Amino acid sequence: MRSELGPSERSGAAGGACQTPGEALARRRGAAMYGLARALRQAAAAGRAGRPPAHRQGGGGAGARPWGWGLALGLALGVKAPTAAGCEADGGQEAEGKAKANPLPPPRGFGAAVERSRDLLRRIKDEAGIPGILVGVSVDGKEVWSEGLGYADVENRVVCKPETIMRIASISKCLTMMAVAKLWEEGKLDLDAPVQKYVPEFPEKVYEGEKVAITTRLLVSHLSGIRHYEKDITKVKEEKEKANRALKLTKPYQDKEQKEKEGKGIEKTDSVKPRKEHEGEVKSQNSKPGRRDKEFEQEEYYLKEKFESVIESLKIFKNDPLFFKPGSQFLYSTYGFTLLSAVVERVSGQKFTDYMLKMFRDLDMLSTVLDDNEAMIYNRARCYVYNKKGRLVNAPYVDNSYKWAGGGFLSSVGDLLKFGNALLYSYQAGQFKNTNGKLLPGYLKPDTVTMMWTPVPKTEVSWDRDGKYAMAWAVVEKKQQYGCCRQQRHYASHTGGAVGASSVLLILPEELDSEAIDAGLVAPPRGVVVSIICNMQSVSLNSTALKIAREFDKEKWAQYVD
């Protein structure tokens, strides 16, 4: 813990929201230099006294950090920070021009951020009555925290651990989008061709007497007009109108209430705030976490039929009318991704499930598998709900083979961190021009990830009112509307809700400095990735993940001045 604040830190604490990105960078550099000067003064004083500074004594004891000033010195002198393992083509060797520089010791850890985040998760767990919850956090490509709280299996008293595997629900859509993007990069898939080019089994559609086309691009942004679980178009339109009216009425009040709470130092937690998880996926606004709300009353959520192929599963919805003209409105649709899985299957020439499992191996996601009831899957958690009497019970049996692409995968928080970092690396790699071929290419090209994370017009995100839907991701763009007020960071996320499970994956990229990149001081991926999974349905987790990401981002920058 720091014993004093430098001038730059004091000014940042008082008015960080007033700063431009350039000013923020200057503040961090100034703080780093102040930390260096302070450490050198302490070291000089200790030398005169014949002993090391009291709070820097070595020996590995509690609180011992004999290299704290060395980190500031290394940053001030332009020493490159350690990069994530496996990101450099030469196996992690240091870049040309720094052979004489001593490598920096590993970071001291994120103890304070872990403690604050663990406390937040425990509150969410207790308030929502969650049996077990998993969390994983990586900073700059390195996993710095993974933990399980509670029980993976209540009946047998099996505790959660980082290796526990749970349903990730709609985060499956992000995995499917990775496959779509890869096939598009390889020139095998045309995003703007009618889906019947690849899947002739899906009938051509007519809306209000006009022949219309559904494309892959429309499917990944939920603009196709294909229904979700609700079959009654009248009910869907009524729900959308009701939600829009409620948003217009409550938004000014919520903004005012949030400002008042922030002024009083009160945090709003996910499990008690009135916010929807998905429009038509997980509606936690009017339901207790774990209870069966309107969304989970849909019969198709509880299908028990095992489908042998994704083509076969199209029969559920392929002959139903479109709810609107493709491209005109947003309607969240898991069935749209079932059709997308058929496109991937035909374009790749492999079964969809085989293609995805191969991709998982390439991404080193060895714990990510199909939610297959028959398979023996070690470390798989049980799923839970609350019944009408408020008692915890096992979630009903379901077979998710009809929606592999949209909500049918199991994974661990560690695997989701690997996936998030693969995307973050791909997104940022293009900015590192002067690496002399030291960096390996990303799984996707930078422009591809930029396309995926570009908000699409006419879309919406009910679990994050600051965001818009892009291509299988919700994206919040960087924005600051008023001086000395709230700064909105750029990040991408997706939440998930399934029978007996809730999830979130959030990626908070670092705003890269061109001077640091050109000098070779940093390497991708740079940023914070957070994944949370629990074995209880209807739990909103997005803002919890964002708070945790900010905690670790703040602690990372604090290390530069300690």
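Right above here is the structure, for reference.
Now for a look at the structure at hand. (Residues numbered from 1 in each chain as written. Predicted model: local features only at pLDDT ≥ 70, side-chain atom pairs only at ≥ 80, totals over all residues. Heavy atoms only, no water.)

Moving on: the side chain of histidine 228. Examined against the element boundaries, histidine 228 turns out to sit in the loop between helix H6 (216-220) and helix H7 (233-263). Here the side chain of histidine 228 touches threonine 334 through a polar contact of 3.1 Å, landing on its backbone nitrogen. (Helix = DSSP H or I, 4+ residues; strand = E, 2+ residues; numbered from the N terminus. Polar contact = N/O pair within 3.5 Å; in protein donor to acceptor, adjacent residues only side chain to side chain.)

With respect to the element layout, asparagine 400 can be found in the loop between strand S9 (392-394) and helix H11 (404-407). Sequence separation between asparagine 400 and tyrosine 301 is 99 residues; the distance between their C-alpha atoms is 8.8 Å. The residues contacting asparagine 400, other than those within four sequence positions of it, are Arg167, Asp371, Gly407 and Gly408. In this structure the side chain of asparagine 400 is engaged in a polar contact, spanning 2.9 Å, whose partner is the side chain of aspartate 371. (Contact = heavy atoms within 4.5 Å.)

Attention shifts here to the pattern of salt bridges. All chains considered together, the criterion is met by 28 salt bridges. Overlapping salt bridges bring together Arg116, Glu551, Lys554 and Glu555 as one network. (Salt bridge = Lys/Arg side-chain N within 4 Å of Asp/Glu carboxyl O.)

Applying the stated criterion across every chain yields a total of 0 disulfides. Looking at the unpaired cysteine 383, the closest cysteine sulfur is the one in cysteine 534, lying at 9.7 Å. Looking at cysteine 534, the relative accessible area reads 0%, which means it is buried. (Disulfide = S-S within 2.5 Å. Buried < 20%, exposed > 50% of the residue type's maximum accessible area, 1.4 Å probe, protein only.)

What follows concerns the sheet that holds strand S4 (residues 166-167). With respect to topology, 3 strands assemble into an open sheet ordered S4-S10-S7, the strand pairing being antiparallel. A single partner strand is all that each edge strand has here, and the edge strands are S4 and strand S7 (369-370). Pairing between S4 and strand S10 (residues 409-411): 2 bridges, direction antiparallel. Looking across to S10, one finds that arginine 167 is bridged to leucine 410. (Pairing = 2+ DSSP bridges.)

Here is a general trend for soluble globular proteins: nonpolar side chains tend to be buried in one another's company. Core analysis: the largest hydrophobic core is formed by 99 residues, its most contacted members being Ile226, Phe419, Leu423, Met452, Trp453 and Trp473. One finds Leu149, Leu508, Leu541 and Ala545 within the second-largest nonpolar core, a separate group that totals 33 residues. (Core = buried A, V, L, I, M, F, W, Y, C linked by side-chain atoms within 4.5 Å.)

This next bit is on unusual backbone geometry. Of note, the amide linkage connecting proline 524 to proline 525 takes the cis form, showing an omega dihedral of 0 degrees. In this model, arginine 157 sits at a positive phi of 55 degrees, which is unusual for a non-glycine residue. The partly exposed category is assigned to arginine 157, whose relative accessible area is 48%.

Take the sheet that holds strand S15 (residues 527-534) next. Reading across from one edge, S3-S2-S1-S15-S14-S13-S12-S11 is the order of the 8 strands in this open sheet, with antiparallel pairing throughout. Since the sheet does not close on itself, it has two edges, and those belong to strand S3 (158-159) and strand S11 (468-469), each with one partner. Both strand S1 (residues 132-139) and S15 contribute to a ladder of 7 bridges, which runs antiparallel. Looking at S15, one finds that valine 137 is bridged to valine 530. Here helix H4 (residues 111-128) sits on the sheet and contacts S1, strand S2 (142-153) and S15; the angle it forms with S2, its principal contact strand, is near 25 degrees. With respect to the sheet, helix H15 (residues 542-559) is in contact with S1, S2, strand S13 (491-498), strand S14 (501-509) and S15, its orientation differing from that of S15 by roughly 145 degrees. (Axes fitted to C-alpha atoms, helices over the stretch in contact; angles between N-to-C directions.)

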